[in-house]
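A structural walkthrough
Residue strings, one per chain:
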Amino acid sequence: MLRRSRTYSGPVTDHFDGKRFYDPDGVPPKSLAQVLRWQFDRSEKRAKWPAWAPSPHADTPPHAVDGEQVRLSFIGHASWLVQTGGLNILVDPVWSERVSPFAFAGPRRHNEPGIAFEALPRIDVVLVSHGHYDHLDIRTLSKLTARFSPRVVTPLGNDLTMTQANSKIRAEAYDWHDRVTLNEEVAVTLVPTRHWSARGLFDRNKALWASFVLETPRGRLYIVCDSGYGTGAHFRHVAEAHGPLRLAILPIGAYEPRWFMRDQHMNPEDAVQALQDCGAESALAHHHGTFQLTDEAIDAPVHALHSALDQAGIPRERFGVLKPGQVVEI
């Protein structure tokens, strides 16, 4: 007998119609017909990535970071370890070989995680932005739960995805604009972002998606794991409600072809505009170079980011690009 997946149930809001979530400032996700057009119309040229593109870096983090310091280690794709205020916080952790519902098919890693799983310090909190497989990885969450039993903070509905797969995952689900205290020095607020969610053919937008504003002793970090640019309203609203921002982590990859990806993934030019809109002192790039999800070449996002920064008159050092295993301290 087939077991029906549980889905979120709650009151109607300005971004939930009683059955599905939506972005009042956004557009619906692409239809199945448009997906098939992209996948099978070979007038869209898909760049060939190298089979393996290793990073020369690997990080062994300290047990904890106290005081006012913030230490950020890039694990790869949209995965980070943030150490601050005595807490060790993972963002969208993925250590799996593939980001797919299948262990034998789907986008595969092109480099190792920047931190070996065995080298992780005690993990206190995990932030999961939404339900796509390159962000919500049940295999990794289950391994983290078995080893550390961390709190897992995620938007509404994604907790059900997690706990249905593994009832021991300590998932806590929150709505846009909810502020969650992590300890006396650190808190996180879930903020709207222009995206969507699904893990299968029949659960589109039945779980919410979000970006994060992380309050730390060194200021606020704006962590955007997946987003289209749209009108830029979400970035300007974060500046108004949560500024000043010390740092923004912004996606720069998975953007071609533009006719298909524009509404869900920023390209580097969009990311530079998002930095200007949110007003962060500096930015770090992610969501590129590990899993080939779209058509651009593996190195295209970084080259395009540098060109966009030069054109905008912004110093390249203000918007840094790390390889897995590299570390930034603020």
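Residues numbered from 1 in each chain as written. Predicted model: local features only at pLDDT ≥ 70, side-chain atom pairs only at ≥ 80, totals over all residues. Heavy atoms only, no water.

In the annotation of an unreviewed UniProt entry, the protein is listed under the name MBL fold metallo-hydrolase and assigned to Bradyrhizobium ontarionense.

**Observations regarding the overall build of the protein**
Across its full length, the protein carries 7 helices and 14 strands. Its C-alpha atoms give the protein a radius of gyration of 19 Å, within 12% of the compact-globule value 20 Å for 330 residues. The dimensions of the protein, computed from C-alpha atoms along their principal axes, are 50 × 50 × 40 Å. The buried share of the protein, reckoned over its 330 residues, is 55%. (Helix = DSSP H or I, 4+ residues; strand = E, 2+ residues; numbered from the N terminus. Rg over C-alpha atoms; globule rule 2.2 N^0.38 Å. Buried < 20%, exposed > 50% of the residue type's maximum accessible area, 1.4 Å probe, protein only.)

**Let's talk about the UniProt feature "domain: Metallo-beta-lactamase" (unreviewed entry) in the protein**
Mapped onto this numbering, the UniProt entry gives "domain: Metallo-beta-lactamase" (unreviewed entry) at residues 88–288. End C-alpha atoms of residues 88–288 are separated by 23 Å, and the span's content is 21% helix alongside 24% strand. (UniProt positions renumbered as here; feature names shortened; annotations may be inferred.)

**Side note on unusual backbone geometry**
The step from Gly 243 to Pro 244 runs through a cis peptide bond, and the omega angle for that step is 0°. Note that Pro 244 resides in the loop between helix H4 (233–242) and strand S11 (245–251). In this structure, Pro 257 follows Glu 256 across a cis peptide bond, with omega equal to 0°. In this model, His 177 sits at a positive phi of 80°, which is unusual for a non-glycine residue. As for its position among the elements, His 177 is in the loop between strand S6 (170–174) and strand S7 (179–181).

**Some words on the sheet that holds S11**
Strands belonging to one sheet form pairs held by backbone hydrogen bonds; the direction of such a pair is parallel or antiparallel. Strands sit in the order S7-S8-S9-S10-S11-S12-S13 across an open sheet of 7 strands; the sheet is mixed. The sheet is open, and its two edges are formed by S7 and strand S13 (319–321), each paired on a single side. Geometrically, the sheet is characterised by an average inter-axis angle of 20° between neighbouring strands, direction not taken into account. Bridge count between strand S8 (residues 187–191) and strand S9 (residues 211–216): 5 bridges; the pairing is antiparallel. Across the sheet, Thr 189 pairs through a bridge with Val 213, a residue of S9. Those strands touched by helix H6 (residues 268–278) are strand S10 (219–223), S11, strand S12 (282–286) and S13, and its axis lies near 155° from that of S11. (Pairing = 2+ DSSP bridges. Axes fitted to C-alpha atoms, helices over the stretch in contact; angles between N-to-C directions. Contact = heavy atoms within 4.5 Å.)

**Observations concerning the pattern of salt bridges**
This model, assessed by the stated rule, comprises 14 salt bridges. For Arg 71, the salt bridge goes to Asp 59, with nearest N and O atoms at 2.8 Å. In this pair, Arg 71 is assigned in strand S1 (residues 70–76) and Asp 59 in the loop between helix H1 (32–40) and S1, connecting sequence segments 12 residues apart. The burial state of Arg 71 is the same as that of Asp 59; both residues are buried. A single network of salt bridges, built from pairs that share partners, joins Asp 25, Arg 194 and Asp 263. (Salt bridge = Lys/Arg side-chain N within 4 Å of Asp/Glu carboxyl O.)

**Comments concerning the sheet that holds strand S5 (residues 151–155)**
One open sheet holds the 7 strands; their spatial order is S6-S5-S4-S3-S2-S1-S14, and the pairing between them is mixed. Every interior strand has two partners, whereas the edge strands, S6 and strand S14 (327–329), have only one. Direction aside, the axes of adjacent strands within the sheet are offset by 20° on average. Set on the sheet, helix H3 (residues 158–165) makes contact with S5 and S6; between it and S5 the angle comes to about 135°.

**Here we look at the packing of aromatic side chains**
Given two aromatic rings, one states the distance between the centres and the angle between the planes to describe the pair. This structure, assessed with the given rule, holds 10 aromatic pairs. Aromatic side chains Trp 176 and Trp 209 sit 6.3 Å apart centroid to centroid with 80° between the ring planes, which places their arrangement in the edge-to-face category. With Trp 176 in the loop between S6 and S7 and Trp 209 in the loop between S8 and S9, this residue pair connects regions lying 33 residues apart in the sequence. Neither residue differs from the other here; Trp 176 and Trp 209 are each classed as buried. One aromatic cluster in this structure is built from Tyr 8, Phe 16 and Phe 21. One Lys or Arg, Lys 143, reaches over the ring of Phe 117 and ends 4.3 Å from the middle of that ring. Above the plane of the ring of Tyr 133 lies Arg 199, whose end atom (NZ or CZ) is 4.0 Å from the centre. (Phe/Tyr/Trp six-rings, centres within 6.5 Å; stacked < 30°, edge-to-face > 60°. Lys NZ or Arg CZ within 6 Å of the ring centre and 35° of its normal.)

**What about the side chain of His 265?**
Its place among the elements puts His 265 in the loop between helix H5 (258–261) and H6. At 2.5 Å, the side chain of His 265 and the backbone oxygen of Ala 254 are in polar contact. (Polar contact = N/O pair within 3.5 Å; in protein donor to acceptor, adjacent residues only side chain to side chain.)

**Section: the packing of H4 against H6**
In contact at an axis separation of 7 Å, H4 and H6 are set at 25° when each is read in the N-to-C sense. Taken as axis vectors, H4 and H6 run roughly parallel relative to one another. The interaxial crossing formed by H4 with H6 has right-handed handedness. Residues Phe 235, Arg 236 and Ala 239 of H4 touch H6, and the partners they reach there are Ala 274, Asp 277 and Cys 278. (Parallel < 35°, antiparallel > 145°, perpendicular 65-115°, else oblique. Left-handed = near helix turned anticlockwise from the far one by under 90°.)

**Quick word on the state of the cysteines**
Tallied over the full model, the rule gives 0 disulfides. In this structure Cys 225 is a free cysteine whose sulfur lies 14 Å from that of Cys 278, the closest cysteine sulfur available. A residue is classified by how much of its surface remains accessible, and Cys 225, at 0% relative accessible area, is buried. (Disulfide = S-S within 2.5 Å.)

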